[in-house]
Amino acid sequence: MTLLTTGAETAAALDAADPLASFRDEFHLPAGRDGSPQIYLVGNSLGAVPRAAAGYVNAELERWARLGAAAHFEGELAWLPYHELLTSSLGRLVGGRPSEVVAMNSLTVNLHLLMVSFYDPTPERHKILIEDHAFPSDHFAVESQIRQRGHDPAESLVIARPRSGAEVLRRDDLLGLIAEHGPELALVMLPGVQYYTGQVLPMAEITAAAHEAGARVGFDLAHAVGNIPLALHDWNVDFAAWCSYKYLNGGPGGVGGAFVHERHVGDRSLPKFLGWWGQRPDIRFEMGTVFDPIGSVESWQLSNPPILTMAALRASLDVFDRAGGMEPLRAKSQRQIEYLDMLLAEVIGDRVEIVTPTAPAERGCQYALRVKVPGVDGRAVHQALEEADVVCDWRYPDVIRAAPVPLYNSFTDIHRFIGTLDRVLDELSG
Ligand SMILES: Cc1ncc(COP(=O)(O)O)c(C=O)c1O
């Protein structure tokens, strides 16, 4: 590997040696004030548009114009089974088998549907473990599920917190909490990657500990899918849900995804909210009212799916497949992390604190950075970066998130980000 130095020539050499560099050209990156692409570091919020997406979406608009309702049934892209076109690529990204993975609904909706099935409280076992800094939608969803099932969040919600003065959760504390509440614990619902700090949680160990305690486990993979390799089937995870508009580049409000482990998919005793799209497709249009579920996670589907957003997502999944999936992307991401860590240490120093854990296994591509220059407000730094066309995001109360995404961010982007941050910090403190 190139010896890392702070000069622009190192970034150029790293880009030249990057076997995935050409994938950047497959995305539109928003233009900055001078017309050249912004340093776009918010793929953790809204991924970039694959250039091919318009073609995929237009193909469906064209089929709609040409065939009308018949497009549901005709040709290789028939809308009736259209979601199946996404299954194998999604399965590779999350480590799920075809019967375990489906593109449907949106993230919070899927969390609710899956909790209906996997949160089955009894008077003895009614608690759900979440984390202190859970994404608000997850917190609301869990609280409302607890109430819906006749329990009280004050008694049934177990909250995992970092130790006093710490930012991130400790593995031992999480596993300890699971063991401590074991006999009363019904469900562990945690993120794969924490949205604020970027911490990767030890999903396999959490799953094993929860199962040992007699509880079920679900993960919110909003910040994990397309960011880090996942092996949901092998880890024995009960269920998971994700959105597609972040690292999967599926577009705003794009279709979400769900995983249910194979050992549950055919279990007719699980409580489930039903809709006609969960009905076996060969009998669905007989319009009977006796539910006969598809023998896979597809039985959790409710409605006929949003074809246009699925078409956009197919364009991006195709890029993931051609890039070779998560392993090469993660390898590049780890080189980018090493490079960005070096620049932060050498150029920025203690003017910024890295909130994200530093151990490779505990981080994906997202950095959470906190400005530590006395008298300099982090929001002003964020604002100045934006004005310089370096796009990060601000997360209340005091963190700048920046995510170099290996599919389309270059080492030169990272170099420019740090150069701009250095200048902005100098200007605001001087
Ligand atoms: C971690 C996490 N969970 C849940 C959500 C909510 O997603 P949706 O609006 O697709 O339901 C988000 C959205 O950004 C998120 O980041």
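Residues numbered from 1 in each chain as written. Predicted model: local features only at pLDDT ≥ 70, side-chain atom pairs only at ≥ 80, totals over all residues. Heavy atoms only, no water.

### Overview of the packing of aromatic side chains
Stated precisely, the cut-off is as follows: Two rings belonging to Phe, Tyr or Trp (six-membered ring only in the last case) form a pair when the distance between their centres is within 6.5 Å. Interplanar angles under 30 degrees mark stacking, angles over 60 mark edge-to-face geometry, and anything in between is tilted. Put simply, DSSP marks the helices as runs of H or I at least four residues long and the strands as runs of E at least two long, and each gets a number from the N terminus on. Under the scheme applied here, a residue whose accessible area is under 20% of the maximum for its type counts as buried, over 50% as exposed, and between as partly exposed, the area being computed with a 1.4 Å probe on protein chains only. Each ring is checked for a lysine NZ or an arginine CZ that lies within 6 Å of its centre and within 35 degrees of its normal; such an atom marks a charge sitting over the ring.
According to the stated counting rule, one finds 11 aromatic pairs in the structure shown. A ring pair is formed by Y40 and Y408, whose centres lie 6.5 Å apart and whose planes are at 50 degrees; its orientation type is tilted. Placement of Y40 in strand 2 (residues 39–40) and of Y408 in the loop between strand 15 (399–402) and helix 15 (411–429) is noted, with a sequence separation of 368 residues between them. By relative accessible area, which is 9% here, Y40 ends up buried. Residue Y408 is classed as buried on the basis of its relative accessible area of 1%. Between W276 and F285 the ring centres are 5.5 Å apart and the planes differ by 65 degrees, which places this aromatic pair in the edge-to-face class. The exposure class assigned to F285 is partly exposed, which follows from its relative accessible area of 39%. Pairwise contacts between aromatic rings join F73, W276, W277 and F285 into one cluster. Residue placement shows K272 over the ring face of W300; its charged tip is 3.8 Å from the ring centre. One Lys or Arg, R284, reaches over the ring of W277 and ends 4.0 Å from the middle of that ring.

### Details of the pattern of salt bridges
Rule in force here: Here, a salt bridge means any side-chain nitrogen of Lys or Arg that lies within 4 Å of a carboxyl oxygen of Asp or Glu.
A complete count under the given rule lists 30 salt bridges for this structure. Put simply, E167, E353, R370, K372 and D398 are held in one network by salt bridges that share partners.

### Quick notes on the sheet that holds strand 5 (residues 127–131)
As a reminder, the rule being used: Should DSSP find at least two bridges between two strands, the strands are regarded as paired. Fitted lines through C-alpha atoms give the axes, limited to the stretch in contact for helices. The angle between two N-to-C directions lies from 0 to 180 degrees.
Sheet architecture is open: 7 strands sit in the order 4-10-9-8-7-5-6, paired in mixed fashion. Single-partner strands in this sheet number two, and they are strand 4 (101–103) and strand 6 (157–160). Adjacent strand axes in the sheet meet at a mean angle of 15 degrees, parallel and antiparallel pairs treated alike. Bridge analysis of strand 7 (residues 185–191) against strand 8 (residues 216–220) gives 5 bridges, and the strand direction is parallel.

### What to know about the site of the ligand
The condition that has to hold: Any residue with a non-hydrogen atom lying within 4 Å of a molecule or strand is treated as near it. We define a polar contact as two N or O atoms separated by no more than 3.5 Å, with the added condition that, inside protein, one atom must be a possible hydrogen donor and the other a possible acceptor, whereas residues neighbouring each other in sequence contribute only through side-chain atom pairs. Each accessible area is a Shrake-Rupley result for a 1.4 Å probe, and residues are judged covered by the shown protein chains and nothing else. A 1.4 Å probe that fits but cannot get out identifies a cavity on a 1 Å grid over protein atoms alone, an open set with protein on both sides within 12 Å along at least five of seven lines counts as a pocket, and a residue lines either if it has an atom within 4 Å of a point. To be counted as sitting in a cavity or pocket, a molecule needs more than half of its atoms within 2 Å of that site's grid points.
Neighbouring the ligand are the residues L107, T108, F135, D138, D220, A222, H223, Y245 and K246. In the environment of the ligand, a nitrogen atom lies 2.7 Å from a nitrogen or oxygen atom belonging to the side chain of D220. Notes on the ligand: free accessible area 400 Å², of which the protein chains cover 82%. Structurally, the ligand is housed in the largest pocket.

### Overview of the domain arrangement of the protein chain
Filter applied, for reference: For each domain, the first and last residues come from an automatic or database assignment. In this description, contact between two residues means that some pair of their heavy atoms is separated by no more than 4.5 Å. Buried area: the accessible area, evaluated with a 1.4 Å probe, that two parts lose upon being put together, summed over both parts.
When cut into domains, the protein chain gives domain 1 (8–37 + 325–429) and domain 2 (57–322). One C-alpha centre belongs to domain 1, the other to domain 2, and the line joining them spans 30 Å. In this assembly, 29 residues from domain 1 lie in contact with 20 residues from domain 2. A per-residue breakdown of the area domain 1 buries against domain 2 is headed by M326, V355 and Q366, which together make up 25% of the total. In this structure, E167 engages R370 in a salt bridge whose closest nitrogen and oxygen atoms are separated by 2.4 Å. Counting every contact that joins domain 1 to domain 2 gives 10 residue pairs in polar contact (both at pLDDT 80 or more). The set of elements that each furnish at least two residues to the side of domain 1 that touches domain 2 consists of helix 13 (326–348), strand 12 (367–371) and strand 15.

### Description of unusual backbone geometry
Note that the residue after Y396, namely P397, is joined by a cis bond; omega there is 5 degrees. Assignment of secondary structure puts P397 in the loop between strand 14 (393–395) and strand 15. Here M287, not a glycine, exhibits a phi torsion of approximately 60 degrees, which is positive. Phi angles above zero are rare outside glycine, and D389 is one such case at about 65 degrees. Along the chain, D389 turns up in the loop between helix 14 (378–387) and strand 13 (390–391). D389 gets classed as buried once you look at its relative accessible area, which sits at 11%.

### Let's talk about the packing of helix 4 (residues 107–118) against helix 5 (residues 136–148)
Inclusion rule: In these notes the angle categories are as follows: under 35 degrees is roughly parallel, over 145 is roughly antiparallel, 65 to 115 is roughly perpendicular, and the rest is oblique. Handedness of a crossing follows from how the near helix is turned relative to the far one, being left-handed for an anticlockwise turn of less than a right angle and right-handed for a clockwise one. Under the grouping applied here, Gly and all other residues not named as nonpolar or charged are polar, the nonpolar ones being Ala, Val, Leu, Ile, Met, Phe, Trp, Tyr, Cys and Pro and the charged ones Asp, Glu, Lys and Arg.
Taken N-terminus to C-terminus, the directions of helix 4 and helix 5 make an angle of 30 degrees; their axes are 10 Å apart at the nearest point. Our classification of the angle between helix 4 and helix 5 gives roughly parallel. As for how helix 4 packs across helix 5, the hand of that crossing is right-handed. Between helix 4 and helix 5, the contacting residues are T108, L111, H112, M115 and V116 on the first element and S137, D138, A141, V142, S144 and Q145 on the second. Residue composition of the contact of helix 4 with helix 5, grouped by class: 5 nonpolar, 5 polar and 1 charged.

### Things to note about the layout of surface pockets
Note the threshold: Grid points are joined across faces, edges and corners, and a volume is the space filled by probe spheres set on the points.
Approximately 250 Å³ is the volume attributed to the largest pocket. Lining the largest pocket we find 19 residues, and of these L107, F135, D138, D220 and A222 sit closest to its centre. Only helix 4, strand 5, helix 5 and strand 7 provide two or more residues apiece to the lining of the largest pocket. For the lining of the largest pocket, the leading source of residues is strand 7, giving 3 residues. For the lining of the largest pocket, the per-class residue count stands at 11 nonpolar, 4 polar and 4 charged.

### What to know about the side chain of Q366
Tracing the sequence through the fold places Q366 in the loop between strand 11 (352–354) and strand 12. Looking at Q366, the relative accessible area reads 2%, which means it is buried. Of the polar contacts made by the side chain of Q366, one reaches the backbone oxygen of Y196; its length is 3.3 Å. Aside from chain neighbours lying at most four places away, what touches Q366 is N44, Y195, Y196, T197, G198, H223, Y247, T356, R401, A402 and A403.

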